[in-house]
Amino acid sequence: MSTSESHGNIESHLHETRHFAPPEEFARQANIGSEEQYQAMCTRAAEDPAGFWGEIALDNLTWSKPFDSAMQGDMPDTKWFVGGEINASVQCLDRHLTTWRKNKAAIIWEGEPGDKRVLTYQELHRQVCKFSNVLKQLGVGKGDRVTLYMPMIPELAIAMLACARVGATHSIIFGGFSADAVAERNNDAQAKLVITADGGWRRGSEILLKKAVDESLDKSPTIEKVVVVKRINYPHVKMVPDRDYWWHDLMEGQPGEFEAEPVDSEHPLFILYTSGSTGKPKGVQHSTAGYMLGAMMTTKWTFDIKEEDTYWCTADIGWITGHSYIVYGPLANGATTLMYEGAPNWPDEGRFWSIVEAYKVNTFYTAPTAIRAFIKWGDQWPKQHDLSSLRLLGTVGEPINPQAWMWYHEVIGDEKCPIVDTWWQTETGGHMLAPLPGIQTTTPGSCTRPLPGVVADVVDEQGNSLGPNEGGLLVIKQPWPHMLRTLWNDHDRFLDTYFSKLPGMYFAGDGARKDEDGNFWVMGRVDDVLNVSGHRLSTMEVESALVSHDDVAEAAVVGFPHELKGEGICCFVTLKGDAAAPAALEDELKKHVRSQIGAIATPDQIRFTVAVPKTRSGKIMRRLLRDIAAGRETVGDTTTLEDYSVLMKLRGGEEKEG
Ligand code: WTA
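So, how was this worked out
Residues numbered from 1 in each chain as written. Predicted model: local features only at pLDDT ≥ 70, side-chain atom pairs only at ≥ 80, totals over all residues. Heavy atoms only, no water. Phe/Tyr/Trp six-rings, centres within 6.5 Å; stacked < 30°, edge-to-face > 60°. Helix = DSSP H or I, 4+ residues; strand = E, 2+ residues; numbered from the N terminus. Buried < 20%, exposed > 50% of the residue type's maximum accessible area, 1.4 Å probe, protein only. UniProt positions renumbered as here; feature names shortened; annotations may be inferred. Contact = heavy atoms within 4.5 Å. Polar contact = N/O pair within 3.5 Å; in protein donor to acceptor, adjacent residues only side chain to side chain. Axes fitted to C-alpha atoms, helices over the stretch in contact; angles between N-to-C directions. Parallel < 35°, antiparallel > 145°, perpendicular 65-115°, else oblique. Left-handed = near helix turned anticlockwise from the far one by under 90°. Nonpolar A, V, L, I, M, F, W, Y, C, P; charged D, E, K, R; others polar. Disulfide = S-S within 2.5 Å. Expected span 1.5 Å × (residues − 1). Arc of directions from axis to C-beta. Near = heavy atom within 4 Å. Areas by Shrake-Rupley, 256 points an atom, 1.4 Å probe, with all protein chains shown as cover. Core = buried A, V, L, I, M, F, W, Y, C linked by side-chain atoms within 4.5 Å. 1 Å grid on protein atoms, 1.4 Å probe; cavity = no way out; pocket = protein on both sides within 12 Å on 5 of 7 lines; lining within 4 Å. Points joined across faces, edges and corners; volume = space filled by probe spheres on them. Pairing = 2+ DSSP bridges.

**Considerations on the packing of aromatic side chains**
The description of two aromatic rings rests on the distance between their centres and on the angle between their planes. Taken as a whole, this structure holds 37 aromatic pairs when the rule is applied. Seen in terms of ring centroids, phenylalanine 352 and phenylalanine 374 are 5.8 Å apart; in terms of plane orientation they differ by 65°. Their pairing is edge-to-face. Placement of the pair is phenylalanine 352 in helix α12 (residues 351–359) and phenylalanine 374 in helix α13 (residues 368–377), with a sequence separation of 22 residues. Exposure remark for phenylalanine 352: the relative accessible area of 5% places this residue in the buried category. The buried category is assigned to phenylalanine 374, whose relative accessible area is 2%.

**Observations regarding the UniProt feature "binding site: CoA" (unreviewed entry) in the chain**
When the UniProt feature table is mapped onto this chain, "binding site: CoA" (unreviewed entry) is found at Arg202, Arg203, Gly204, Ser205, Thr321, Asn345, Ser533 and Arg594. Their sequence span is 393 residues, while the largest C-alpha to C-alpha distance among them is 24.4 Å; these annotated residues do not converge on one region. Along the chain, threonine 321 falls in helix α11 (residues 320–332). Residue threonine 321 is classed as buried on the basis of its relative accessible area of 10%. Each residue touching threonine 321, except ones within four places of it in the same chain, is listed here: Cys313, Ala315, Ile326, Tyr365, Val396 and Trp424. Within the secondary structure, asparagine 345 is located in the loop between β17 (336–340) and α12. Looking at asparagine 345, the relative accessible area reads 17%, which means it is buried. The contact partners of asparagine 345, leaving out residues within four places of it in the chain, are Arg203 and Trp377. A polar contact is formed between the side chain of asparagine 345 and the side chain of arginine 203, at a distance of 2.9 Å.

**Examining the packing of helix α7 (residues 179–189) against helix α8 (residues 209–217)**
Between α7 and α8, whose axes approach to 8 Å, the crossing angle comes to 55°. Comparing the axis directions of α7 and α8 gives the class oblique. Crossing hand, α7 versus α8: right-handed. Where α7 approaches α8, its residues Ala179, Val182, Ala183 and Asn186 are matched on the opposing element by Ala212, Glu215, Ser216 and Leu217. The class makeup of the residues in the contact of α7 with α8 is 5 nonpolar, 2 polar and 1 charged.

**Section: the state of the cysteines**
A full pass over the atoms with the stated rule returns 0 disulfides. A disulfide-free cysteine, cysteine 163 has its sulfur positioned 13 Å from the sulfur of cysteine 92, the nearest such atom. Among the residues examined, cysteine 163 registers a relative accessible area of 0% and is labelled buried. We note that cysteine 570 lacks a disulfide partner, and the nearest cysteine sulfur, in cysteine 571, lies 6.5 Å from it. Overall, cysteine 570 belongs to the buried group, its relative accessible area being 0%.

**Some details on helix α2 (residues 35–47)**
Between its terminal C-alpha atoms α2 stretches 18 Å, which fits the 18 Å expected from 13 residues at 1.5 Å a residue. When α2 is considered as a whole, its buried residues turn out to be Tyr38, Met41 and Ala45. An end-on view of α2 places all buried positions within 65° of arc, on one side of the element. For α2, the exposed residues lying more than 90 degrees away from the buried face are Glu36 and Glu47. For α2, the elements touching its buried residues are α3 (49–60) and α10 (289–302).

**Focus: the site of the ligand**
Taken together, 17 residues lie around the ligand, and Asp421, Thr422, Thr426, Asp510 and Arg536 are the ones closest in. Taking glycine 397, its main chain carries an N or O atom lying 3.1 Å from a nitrogen atom of the ligand. One nitrogen or oxygen atom from the side chain of arginine 525 is found 2.8 Å from an oxygen atom belonging to the ligand. Protein contact buries 96% of the 530 Å² of open area that the ligand shows by itself. For the shell around the ligand, the elements supplying multiple residues, two or more each, are α11, β20 (419–422) and β25 (520–525). Here the residues of the shell around the ligand are counted per class, giving 6 nonpolar, 6 polar and 5 charged.

**Quick look at unusual backbone geometry**
For the bond running from methionine 75 to proline 76, omega is 5°, close enough to zero to count as cis. The step from tryptophan 346 to proline 347 runs through a cis peptide bond, and the omega angle for that step is -5°. A positive phi angle, close to 50°, is found at glutamine 190, a residue other than glycine. Of note, glutamine 190 is situated in the loop between α7 and β8 (193–197). Since its relative accessible area comes to 43%, glutamine 190 is described here as partly exposed.

**Some points on the nonpolar core**
Of all hydrophobic cores here, the largest spans 119 residues; its most connected members are Phe81, Leu124, Phe131, Leu148, Ile195 and Tyr328. The element contributing the most residues to this core is helix α6 (residues 154–166), with 10 residues. Setting aside anything within four residues of it in sequence, one finds phenylalanine 131 in contact with Ile158, Ala159, Ala162, Ile195, Val227, Trp247 and Met251. Within the second largest apolar cluster, 40 residues are counted, among which are Tyr149, Trp246, Ala545 and Ile569.

**Here we look at empty space enclosed by the protein**
Gaps between atoms show up when a probe of the same size as a water molecule is rolled over them. Under the criterion given, the structure shown has 5 cavities of 30 Å³ or more. Around the largest cavity, the lining comprises 16 residues; the ones closest to its centre are Lys282, Thr497, Tyr498, Arg525 and Asp527. At the level of secondary structure, the elements contributing two or more residues to the lining of the largest cavity comprise α16 (491–499) and β24 (506–514). Residue classes in the lining of the largest cavity are distributed as 5 nonpolar, 6 polar and 5 charged.

**Remarks on helix α18 (residues 585–596)**
For an α-helix the count is 3.6 residues per turn, leaving residues at separations of three or four pointing the same way. Between the first and last C-alpha of α18 there are 16 Å, a value that for 12 residues agrees with the 16 Å anticipated at 1.5 Å per step. Of all the positions in α18, only Leu585, Glu586, Leu589, Lys590, His592 and Val593 are classed as buried. What you see down the axis of α18 is that its buried residues fit within an arc of 160°, all on one side. Each element contacted by the buried residues of α18 is listed here: α17 (539–547), β28 (552–562), β29 (566–575) and β30 (605–608). Looking one or two residues beyond α18, the residue adopting positive phi is glycine 598, at roughly 145°.

**Some points on the sheet that holds strand β18 (residues 363–366)**
On the basis of which strands lie adjacent, the open sheet formed by 7 strands has the order β5-β4-β17-β16-β18-β19-β20 and mixed pairing. The strands lining the two open edges of the sheet, one partner per strand, are β5 (116–120) and β20. Each strand of the sheet is rotated relative to its neighbour by a mean of 20°, with strand direction disregarded. In the sheet, strand β4 (residues 105–110) pairs with β17 via 4 bridges, with the strands oriented parallel. The residue of β17 that forms the bridge with isoleucine 107 is threonine 337. Its contacts with the sheet place α6 against β4, β5 and β17, and it is angled at close to 30° to β5. Sheet strands in contact with helix α15 (residues 402–412) are β18, β19 (392–396) and β20, and its direction is about 155° off that of β19.

Structure follows, in C-alpha cells:
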C-alpha cells in the first residue's frame, strides 16, 4: 500500500480561523461539563486504561457475570472485560423495563410513504423476545451467523436485537448492495439464515430485496432458511417451501418472553463488511461488551444525550453509523431514537426538515455529502419548517468542507447548536476524535480532539510523532474497548492491514495533521479506498467488476473531487481487441458495475483508453490518473512510466472518451 500519495481532493483548512465556543446554556447542562473533567479523564485513561474503562463498564453495563479483569494484553490482541458475561439486548431493553422508561418511546419510525410507528421499550422488548423465539425455532443460536438484508424498518432493529439475544452474530448488508455482494458476504461469514423483506421504499420506487436474495442464494450454499418481512406488499414474491417463511407467520403466537443468552464479553456481536484496499471486502468483527460500552459512552459524551431528547441519526443501519448510533448506542442509554426509511428528497427536498419539525428532533446527525445536497437544493426547504427544537448537530463520514459546516451552523443550527464533527471508522466501533459539545471550541473542518480513553497521534512513516501542522498518518496508540477484534476468518489480514505498518499502533488509513492547539484535521484516505458520499469503496473492487465484463481487457479506477459526493468514481478502461467502443458501452459498463457491487459503486466517468499508464514494474500509476481525472496538471515523477506516450495520449485528449 502506498501512503505517499495524498488524494489531495479536499479544501485546504490551513487558514481556517473561525472559532465557535459552546453556547453558555449548553455548556451548563453538558454531560461532560468542564475542561478539567475532560483532562482528568484523559490522564487517568492514559495512565491506567484498565482502571478507567473497568470502572465505567461496571457503572454503565448490566453484567450477567462480572468480569475478572478489565483488560488483558497489548494491541492488537487485547481482550476486554475478561471472564465477564453479558447480553447486548439486555443493555438495550430489559434494564429499562424496571424503570419508568418501560413506556417511553424507544424507536419512533417513519416510512417513506408517510406511515408511522412508535415502539415503546416494553413493546420493543416484546417483539424482540418473540423474534428470539422464532430464531430458536429455526435452529439459530450461539455460534451462528445471520445475514440481515433489510430496508430501514423497525423489524431490522428487532432482528438485530433478537440475534444478540440468542447469541447469534449478525452480519448486516446495506440494502443498496447487489445480489452478488450478498452472496459473497453470506459465503465469507458462512451464514445460515437470511432475514430480508419483500422490498423497501426509496425515492418513491420499490427496492426488491427478496428478489436479490433469491439470486444470491444460487451462489450461497450455507443459507438454509430465509425470513421475509412484508413491507411493500409486492405481489410476486417467490416463496420456496421449507426454505422461505413470512415474518408475520412465524411471529404469530410466539411468547413475548425470552430469556437472554449470556455470552462472553468477547463474543462476536456482529460482523460488518467494509471495503479495504484489495477487491475482497473485510468482515470487521466486533465484540459484545467492549463494543456496547463504546457505543453507549460515546453517545452519552459526544451527543450529550439526555433522557428527554428526540435523537435522529439519518444513516442507514447497513453502515456502522446506523449500528452504533441508531440502535446500540441510543438504546443502551434508554434514549428515543428516530428511524426514517427513505430518501431526503421525497416527496420533496424538505422531507428531513418536516421530520425534524414534526417530532421536535433535538439532535440531528448526518453526513457532509447530505449537507452539500441540502445546500444545492436551497435554503427555502429548511426555512419552511420550524427547526427550533434542535440543540445539537453532528456530522460523520468524510472531512467536512468549511462551507458546508458554516451552512449547517447558520441555516440548520440557527447559530445556537454546537456541531460535533465525529471522526471514526467501521473498525473503531464508535467515535474516536470528536468535540465534547459542552467544552470544546470548534473550527469548521476539524474533528477537534480525542474522546476520553482514546490516545491518538499523527506520525511519519517510521512512527515518529510529528509537530504542529505537519501532515502524516493518523494512528491510535493505546487499545480501546470498542476496537475491532479481528477480520472474520482472516486474522492475518487484520494484523497486516492495521498493525504491520507501524508496530504497536493502530493504523487508520487516514492522513491528518494536528494544529498548535492539539486539534486534529483529517484529510482523507492514504490508501486505495475511495470515499463516495461517505461510503467506503475500494478501487480494486470496482476494477474487478469492470474486468469481469466480456469486452474489458483492463481497468484502472481512481477518485476525483466531486461537488456532492466528495469523491466521484473515474474508470480508465481498455477494451479487448482494438475495436472502437460502441456508444452504448459506457452505459452498459456502468450498469455492469452496479449489478456486480451495487448502486453506490456506479461509475461517474468511463474513459476508454488505449493503455493504462504503468510503472516499469507493472503497477498502475494511480497518482497520474487521479491528476488526469481531476483535470489537474500532472505533478511529480513520471520517470518510472513504462510508456510515456500513454500519458501523452491520456492528457492530450486522444483517448476515446465515452
Ligand atoms: C472517513 C464511518 C474526516 C475516514 C463512521 C475514515 C472521516 C472513513 C470522518 C471510515 C470525519 C469518517 N472526518 N473523515 N469526521 N468520519 N471519515 O468505516 O476516511 O464507513 O477512515 O466509517 O471515513 O469510514 P467508515
